[in-house]
Amino acid sequence: MQLKDKVAIITGAASGIGKEIAIEFAREGAKVCIADLALDAATATANEINASLGDGSGRAMAVAMNVTDEAQVEAGVAATVAQFGGVDILISNAGIQIISPLVDYKFEDWKRMLAIHLDGAFLTTRACMRAMIKAGNGGTILYMGSVHSHEASPLKSAYVAAKHGLIGLAKVVAKEGAKDKIRANVICPGFVRTPLVDKQIPEQAKTLGITEAEVIKNVMLKETVDGEFTTVQDVAETALFLAAFPSNALTGQSITVSHGWHMQ
Ligand code: NAD
């Protein structure tokens, strides 16, 4: 049990990558808070995890949290601290994708994208750092970046800008957090088959005028070393490694898990 009794708040954990990280962390002994937009979906995930642990520990809880809403973020972090006694790990993972050529990109979509990825990362980081500093036990903050934290792709101006921005935020948190033993790192996955990507395949096919199979082969997996998708388990293993890492030696970094699409 690498995370025994550690408390982790995971945003966007009712689906995809965040959900798998919650499952993995709970299996490793952590108490996990599933923070997502809809309380129903977050509760369903928490119930699923508690049932699968089968030990009556109730190590998963749910909160409704729109990460762009300051009051909801503060309330969700406070509820977690009240129920589990503190917070040791933040996984800032909630995210969306909106694709469009830049010249057609709606300003409201640009602002929504930056709000979820960057305002959300800032608000959750601030609330969790305050709780971590108060408790004096250090902590780990992980941002869900992307290969798009390092590379660019057409149609993804706001997403690429936001994901690059997370690297800068993590570096500042690493510097400011060091004295309180708070580490910050970024995980940069390649394409993972989650609802976020499944929605994008037909959209890209339409915009680029190619088939869905061509989007997968020639757009999404073209630059990988083996033509394979990264999996939610691959990302959860990386998150576990970073969350369980014992010292400040590993901070301010980004780790890419992408079948070699991006090599640093
Ligand atoms: P997903 O759509 O399966 O899950 C995203 C979750 O975030 C959903 O449960 C959704 O309800 C939640 N969410 C959206 N807006 C929110 C908000 N304002 N507040 C709180 N929760 C919100 O997507 P996923 O693929 O698991 O993506 C998770 C993260 O991983 C995102 O940051 C995404 O950019 C990143 N990522 C995904 C891939 C991929 O290929 N799937 C690759 C690299 C990075």
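Below or above, wherever it landed, is the structure these notes cover.

**Observations regarding the packing of helix 6 (residues 195-208) against helix 7 (residues 212-220)**
Across the interface, helix 6 lies against helix 7 with an axial gap of 9 Å and an inter-helix angle of 95°. As far as their axial angle goes, helix 7 and helix 6 are roughly perpendicular. Contacts between helix 6 and helix 7 involve Val197, Gln200, Ile201, Pro202, Gln204, Ala205 and Leu208 from the first element and Glu212, Val215, Ile216, Val219 and Met220 from the second. Class assignment for the residues of the contact of helix 6 with helix 7 results in nine nonpolar, two polar and one charged.

**Let's talk about unusual backbone geometry**
Residues other than glycine seldom take positive phi values, yet aspartate 5 does so here, at roughly 65°. Following the sequence through the fold, aspartate 5 ends up in the segment before strand 1 (7-11). Here the phi dihedral of leucine 155 falls at roughly 75°; this positive angle occurs in a residue that is not glycine.

**Structural notes on the nonpolar core**
Core analysis: the biggest nonpolar cluster contains 37 residues, and Ile9, Met65, Val77, Met113, Cys128, Ile141 and Tyr143 have the highest contact counts within it. When residues of this core are traced back to their parent elements, those giving at least two are strand 1, strand 2 (31-36), strand 3 (60-64), helix 3 (70-84), helix 4 (107-135), strand 5 (139-144), helix 5 (157-177) and strand 6 (182-189). Top element by residues in this core is helix 4. It accounts for nine residues. Core analysis: the next-biggest nonpolar cluster, separate from the first, contains 31 residues, Ala22, Phe25, Ala26 and Met144 among them.

Calculation rules
- Residues numbered from 1 in each chain as written.
- Predicted model: local features only at pLDDT ≥ 70, side-chain atom pairs only at ≥ 80, totals over all residues.
- Heavy atoms only, no water.
- Axes fitted to C-alpha atoms, helices over the stretch in contact; angles between N-to-C directions.
- Helix = DSSP H or I, 4+ residues; strand = E, 2+ residues; numbered from the N terminus.
- Parallel < 35°, antiparallel > 145°, perpendicular 65-115°, else oblique.
- Contact = heavy atoms within 4.5 Å.
- Nonpolar A, V, L, I, M, F, W, Y, C, P; charged D, E, K, R; others polar.
- Core = buried A, V, L, I, M, F, W, Y, C linked by side-chain atoms within 4.5 Å.
- Buried < 20%, exposed > 50% of the residue type's maximum accessible area, 1.4 Å probe, protein only.

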